Amino acid sequence: RRQRQMCIRDSFCIGTNQVDLAYTLDQPLLQPNLVLAADVPEPVCFIAPSGHPLAGQAEVSLEELTQQEFLLTERGMSYRDALDQCMAAHGLAIHPYLELGSAALLCQMVEQGMGLSFLPEYIVRSALAEGRLARLSVPDCTVMMHRQLFYHRDKWVTPQMNVFIELVRQGTPVSYTHLRAHET
């Protein structure tokens, strides 16, 4: 991930046509030689199984969170780093008992009652709506990332790229399967 991030921030891969589009979930990035095709704010939230004792609280303190079992993404993921920074700013830390690279798998594990997590809202939106998860209100740690899509300002934009750009602008979480459906 760090190599990809450096590639985007340096605009090298896009500028040399190694990459057509760069899609990020991070703090807002500004690149003068790139076109920002989409910028969708994406909240990141604390989640718990719907039956968890903290799920019924109006607000949860950071101190309460440090006493919980956590499943988190690996260090180096933008929103995990933001969580660690927020906790450190309050002199606290969360020590997860499991770190994984798959946010979707973490969401499923939380649904099964294996702990709490901190994930982008688009990953957990349907589970929250269906009542399988609860979003915890933690006023002392609110994190907003941005799903941003870039391409080089001199790049010819193909019809397929335009479809992808429009999906991202609409706020649609885009998967490989979703893209394959639009290839024809």
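Residues numbered from 1 in each chain as written. Predicted model: local features only at pLDDT ≥ 70, side-chain atom pairs only at ≥ 80, totals over all residues. Heavy atoms only, no water.

S.K.: Would you explain the pattern of salt bridges in this entry?
M.R.: It is possible for side chains of opposite charge to pair when their charged atoms get near one another. Applying the stated criterion to the full structure yields ten salt bridges. The partner of Glu 99 in a salt bridge is Arg 80, and the shortest N-O contact between them spans 3.1 Å. Taken together, the residues span a long stretch of sequence, with Glu 99 in strand 4 (residues 98-100) and Arg 80 in helix 4 (residues 78-89) at a distance of 19 residues. Given a relative accessible area of 34%, Glu 99 falls into the partly exposed group. A relative accessible area of 1% means that Arg 80 is categorised as buried. A salt bridge links Glu 121 to Arg 135, with the nearest nitrogen and oxygen atoms 2.3 Å apart. (Salt bridge = Lys/Arg side-chain N within 4 Å of Asp/Glu carboxyl O. Helix = DSSP H or I, 4+ residues; strand = E, 2+ residues; numbered from the N terminus. Buried < 20%, exposed > 50% of the residue type's maximum accessible area, 1.4 Å probe, protein only.)

S.K.: Would you explain the nonpolar core in this entry?
M.R.: In summary, soluble globular proteins display a tendency toward joint burial of nonpolar side chains. Grouped together as the largest cluster of nonpolar side chains are 35 residues, with contacts concentrated most on Phe 46, Leu 65 and Leu 136. Those residues in contact with Leu 136 that lie beyond four places of it in its chain are Phe 46, Ala 48, Leu 54, Ala 55, Val 60, Leu 65 and Leu 116. (Core = buried A, V, L, I, M, F, W, Y, C linked by side-chain atoms within 4.5 Å. Contact = heavy atoms within 4.5 Å.)

S.K.: Whenever I open this one, the packing of helix 5 (residues 103-111) against helix 6 (residues 121-129) confuses me. Can you help?
M.R.: Helix-helix packing: each pair is described by the crossing angle between the helix axes and the interaxial distance. Close contact between helix 5 and helix 6 brings their axes to 10 Å; oriented N to C, the two are set at 30°. Of the possible angle classes, the one that applies to helix 5 and helix 6 is roughly parallel. As helix 5 packs across helix 6, the resulting crossing turns out to be right-handed. Each of Ala 103, Ala 104, Cys 107 and Glu 111 in helix 5 lies in contact with helix 6, whose residues at this interface are Ile 123, Val 124 and Ala 127. Partitioned by chemical class, the residues of the contact of helix 5 with helix 6 number six nonpolar, no polar and one charged. (Axes fitted to C-alpha atoms, helices over the stretch in contact; angles between N-to-C directions. Parallel < 35°, antiparallel > 145°, perpendicular 65-115°, else oblique. Left-handed = near helix turned anticlockwise from the far one by under 90°. Nonpolar A, V, L, I, M, F, W, Y, C, P; charged D, E, K, R; others polar.)

S.K.: Explanation requested: the side chain of Glu 42 in the structure shown.
M.R.: On the secondary structure map, Glu 42 appears in strand 2 (residues 34-49). Polar contacts involving the side chain of Glu 42 include one to the main-chain amide nitrogen of Glu 121, which spans 3.5 Å. A polar side-chain atom of Glu 42 sits 2.9 Å from the main-chain amide nitrogen of Tyr 122. Ignoring any residue separated from it by four or fewer positions in sequence, one finds Glu 42 in contact with Leu 25, Pro 120, Glu 121, Tyr 122, Arg 125, Val 143, Met 144, Met 145, His 146 and Arg 147. (Polar contact = N/O pair within 3.5 Å; in protein donor to acceptor, adjacent residues only side chain to side chain.)

S.K.: Would you mind going over helix 6 with me for this structure?
M.R.: When helix 6 is considered as a whole, its buried residues turn out to be Glu 121, Val 124 and Ala 127. Projected onto a plane normal to the axis of helix 6, the buried residues spread over an arc of 125° and lie on a single side. Looking at the buried side of helix 6, the elements it contacts are strand 2, helix 5, strand 5 (117-120) and strand 6 (133-136). Positive phi appears at Gly 131, one or two residues downstream of helix 6, with a value of about 80°. (Arc of directions from axis to C-beta.)

S.K.: It is not clear to me how the packing of aromatic side chains should be interpreted in this structure. Could you clarify?
M.R.: By convention here, two paired aromatic rings are described through the distance between centres and the angle between planes. With the rule as written, the count across this model stands at three aromatic pairs. Seen in terms of ring centroids, Tyr 23 and Phe 164 are 5.5 Å apart; in terms of plane orientation they differ by 80°. Their pairing is edge-to-face. Of the two residues, Tyr 23 is situated in strand 1 (residues 22-26) and Phe 164 in helix 7 (residues 159-169); the sequence distance between them amounts to 141 residues. Using a relative accessible area of 11% as the deciding quantity, one classes Phe 164 as buried. (Phe/Tyr/Trp six-rings, centres within 6.5 Å; stacked < 30°, edge-to-face > 60°.)

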